[in-house]
Amino acid sequence: MPTKKLIDFVHQKLEKLTQFDEEIVNAEVYLRLDKDQEGENKISEIKLEFTGRTFICKKANQNI
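Just so it is clear, the model here is predicted, and its values are computed rather than measured.

Basis of the calculations
Residues numbered from 1 in each chain as written. Predicted model: local features only at pLDDT ≥ 70, side-chain atom pairs only at ≥ 80, totals over all residues. Heavy atoms only, no water. Helix = DSSP H or I, 4+ residues; strand = E, 2+ residues; numbered from the N terminus. Rg over C-alpha atoms; globule rule 2.2 N^0.38 Å. Buried < 20%, exposed > 50% of the residue type's maximum accessible area, 1.4 Å probe, protein only. Contact = heavy atoms within 4.5 Å. Areas by Shrake-Rupley, 256 points an atom, 1.4 Å probe, with all protein chains shown as cover. Salt bridge = Lys/Arg side-chain N within 4 Å of Asp/Glu carboxyl O. pLDDT = per-residue confidence, 0-100. Patch = residues over 30% accessible without salt bridge, like charges linked within 9 Å, V, L, I, M, F, W, Y side chains within 5 Å. Pairing = 2+ DSSP bridges.

Hey, could you run me through the overall build of the protein in this one?
For the protein, the count of helices and strands is 1 helix and 3 strands. Secondary structure elements of the protein, listed N to C terminal, follow the sequence α-β-β-β. Against the 2.2 N^0.38 benchmark of 11 Å for 64 residues, the protein shows a C-alpha radius of gyration of 14 Å, more extended than a compact globule. Projecting the C-alpha coordinates of the protein onto the three principal axes gives extents of approximately 40 × 25 × 15 Å. The proportion of buried residues among the 64 residues of the protein is 9%. Within the protein, contacts between residues separated by at least 24 positions form 23% of all contacts whose residues are at least 6 apart in sequence. By element, 52% of the accessible surface of the protein is carried by carbon and sulfur atoms, the whole surface being about 5600 Å².

Printed below as a string of structure tokens:
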């Protein structure tokens, strides 16, 4: 479960996106921890929905 500090950080970053495009209809953020043979990978993924289009960005890192 993400901490309140992490949730607040995500909200701050999402609010900044309106500076670039005010037509964002919906935003979903996924945060997870994947464990594999090499260790733990922190995965962050954001799905932004605009009128008629959707963008998805995914980042994996051990030090996010």
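Is there a simple way to explain the pattern of salt bridges in this structure?
Side chains that carry opposite charge are capable of pairing whenever their charged atoms lie near each other. Using the criterion set out here, one finds 4 salt bridges in the structure. Its salt-bridge partner being R32, residue D34 comes within 3.5 Å of it at the nearest N-O pair. Classification of D34 by relative accessible area gives partly exposed; the value is 32%. For R32, a relative accessible area of 38% gives the class partly exposed.

So what exactly am I meant to see when it comes to the confidence of the model for the protein here?
Atom-level detail of predicted coordinates should not be read off regions where pLDDT is low. With 97% of its residues at a pLDDT of 70 or more, the protein shows a mean pLDDT of 86. The least confident element of the protein is strand β1 (residues 24-36), whose mean pLDDT is 88; the most confident is strand β3 (residues 53-61), at 92.

Help me out: how do you make sense of a nonpolar patch on the surface in this one?
On the surface, L6, F9, V29 and L31 cluster together into a nonpolar patch covering about 310 Å² of accessible area. Listing elements by their share of the nonpolar patch, those giving two or more residues are α1 (4-16) and β1. Following the sequence through the fold, F9 ends up in helix α1. Relative accessible area serves as the criterion here: at 44%, F9 is assigned to the partly exposed category.

Could you clarify how one ought to interpret the pairing of β1 in this entry?
Taken residue by residue, a regular strand's side chains alternate between the two faces of the sheet. With 12 bridges connecting them, β1 and strand β2 (residues 39-50) associate as antiparallel partners. Of the residues in β2, the one forming a bridge with D34 is N41. Between the antiparallel neighbours β1 and β2 lie 2 residues.

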